[in-house]
Amino acid sequence: MNILIVNWQDIKNPLAGGAEVHLHEVFSRLVRMGHRVTLVCSSFSGAPSFEDIKGLHVIRKGGRYLFNFRFMSMYLTRFRNDGFDIVIDDMNKIPFLTPLYVRVPLYGVTHHLFGKSIFLEVNAVLATYVYVMERMAVWLYKRHRIPFIVGSPSTERELLDQGFERENVTRINYGLDHSVHVTTGASKSPTPLIGYFGRLKKYKSADHLLNVLPEVLKQFPNLKVLMVGEGDDRPRLESIAHRLQVAHAVEFTGFISEERKVELLQRMWFKVTTSSKEGWGLTVIEANACGTPVIASNVEGLRDAVKDNETGLLYPYGDVQKLTSSILLLLKDQALRDRLSANAIRWAKNFDWEIAAKETEKLLESRIAHVRNRA
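Criteria and thresholds
Residues numbered from 1 in each chain as written. Predicted model: local features only at pLDDT ≥ 70, side-chain atom pairs only at ≥ 80, totals over all residues. Heavy atoms only, no water. Helix = DSSP H or I, 4+ residues; strand = E, 2+ residues; numbered from the N terminus. Buried < 20%, exposed > 50% of the residue type's maximum accessible area, 1.4 Å probe, protein only. Contact = heavy atoms within 4.5 Å. Pairing = 2+ DSSP bridges. Axes fitted to C-alpha atoms, helices over the stretch in contact; angles between N-to-C directions.

Visitor: Just checking my understanding: could you explain the environment of His248 for this structure?
Guide: With respect to the helices and strands, His248 occurs in the loop between helix H6 (234-243) and strand E11 (250-254). Note on His248: relative accessible area 59%, which makes it exposed. Residues His248 and Val225, 23 residues apart in the sequence, show an inter-C-alpha distance of 9.5 Å. With near-sequence residues (within four places) excluded, His248 lies in contact with Leu217 and Lys224.

Visitor: Even after reading the chapter, I still don't get the sheet that holds strand E4 (residues 56-60), so can you show me in this structure?
Guide: In sheet architecture, strand pairing relies on hydrogen bonds along the backbone and comes in two forms, parallel and antiparallel. The sheet built from eight strands is open, its strands ordered E3-E4-E2-E1-E5-E6-E7-E8 with mixed pairing. If you trace the sheet from one side to the other, it starts and ends with strand E3 (50-53) and strand E8 (169-171), each paired once. Between one strand and the next, the sheet's axes are offset by a mean angle of 25 degrees, whatever the strand orientation. Where helix H1 (residues 18-32) meets the sheet, its contacts fall on strand E1 (2-6), strand E2 (36-41), E3, E4, strand E5 (86-91) and strand E6 (106-110), and the angle it forms with E4 comes to roughly 135 degrees. Here helix H4 (residues 153-161) sits on the sheet and contacts E6, strand E7 (148-150) and E8; the angle it forms with E8, its principal contact strand, is near 175 degrees.

Visitor: So what exactly am I meant to see when it comes to the sheet that holds strand E10 (residues 224-228) here?
Guide: Strand order across the open sheet formed by six strands is E11-E10-E9-E12-E13-E14, with parallel pairing between neighbours. Sheet topology places E11 and strand E14 (312-315) at the edges, where each strand pairs with a single neighbour. In this sheet, neighbouring strand axes are inclined to one another by 20 degrees on average, regardless of whether the strands run parallel or antiparallel. Where E10 and E11 come together, four bridges link them in parallel fashion. By the bridge assignment for E11, Val228 is matched with Gly254. Packed on one face of the sheet, helix H8 (residues 282-289) meets strand E9 (193-197), strand E12 (270-273) and strand E13 (294-297) and runs near 175 degrees to E12.

Visitor: What's the story with unusual backbone geometry in this structure? I'm lost.
Guide: Of all residues except glycine, most have a negative phi; of all peptide bonds, most are trans. In this structure, Arg145 takes a positive phi of about 55 degrees despite not being glycine. Overall, the relative accessible area of 42% leaves Arg145 in the partly exposed class. The backbone of Gln245 shows a phi angle near 60 degrees, a positive value even though the residue is not glycine. Counting through the fold element by element, Gln245 comes out in the loop between H6 and E11.

Visitor: How do you make sense of the environment of Val250 when you look at a structure like this?
Guide: Examined against the element boundaries, Val250 turns out to sit in strand E11. Val250 sits in the buried class, given a relative accessible area of 9%. Among all residues touching Val250, those that are not within four sequence positions of it are Leu210, Leu213, Val225 and Met227.

Spelled out as structure tokens, the structure:
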């Protein structure tokens, strides 16, 4: 297959997250299977216009906020004549509305709909724009009966609740690179060490973790908290840590390598994920594969990734008191941590990018054949 993908970002973009990990892990494997893959995405400071990443031919054009309009122009003037067999519309936040102008077979990928949670992330004007565009996209893609790949039961239910036909929503589990995320027998930190892993964005609510620290530090004054990741919410979070007088216990690491991430996960007693909404918990499963249980907010996506009281603990989103008690419980109870850790390792073995890639290949080939036979 000759595959064209459109997404807002590529894996090297400083704002890349789980959606970009999914894209590159799955489609780099499709390249190894013999297919040709071109990714068109927005550019960022210092990025080359063209780059090959694990076999994917990446084309970066235009700025972040108007890239959806830039892609439409590029497709109509160039890409529609380049012999692509199928276009993958990786819908993330602002949609590309591809059914309006793409005439070759289309397949959508979405990780979750933002809905009203976008208002937690950006100002009211931009949030309203994103919300209205997403609502428009849901109507348009349903009307054109565009099939979608989703990665979690929560997102699957979300699309079905929005009126998508059952036959047009296929769940393919997210994966894991088991050659990277492994247990090596490394010892846990001798002193309490916990962490947050992920992009530092407002809707991910990492400030909730900071807000519980004054109470937790009263009982565990030698606790260390690692905030691993980068994002535009970092200055606010650093300010909160200083205001709460917990900055001495918190380290903001910024971006780190996968090797360093695995090393830290294996030393951590547990990880905390505070997001208001997720399509899935990719960093949850990565932590689990390293033997690290996770405390997570009981929201869409995360409740799929965390098996409550088996691989981690769930708490009501925004409930600071319950988050505090969950953290203190795991800090105090090593037997519970050990049980959750053992279960987490077994749970993570269910997820594999190789399987996800093979299932995706079958879907795309079937879609191409279906459209051509109908024509």
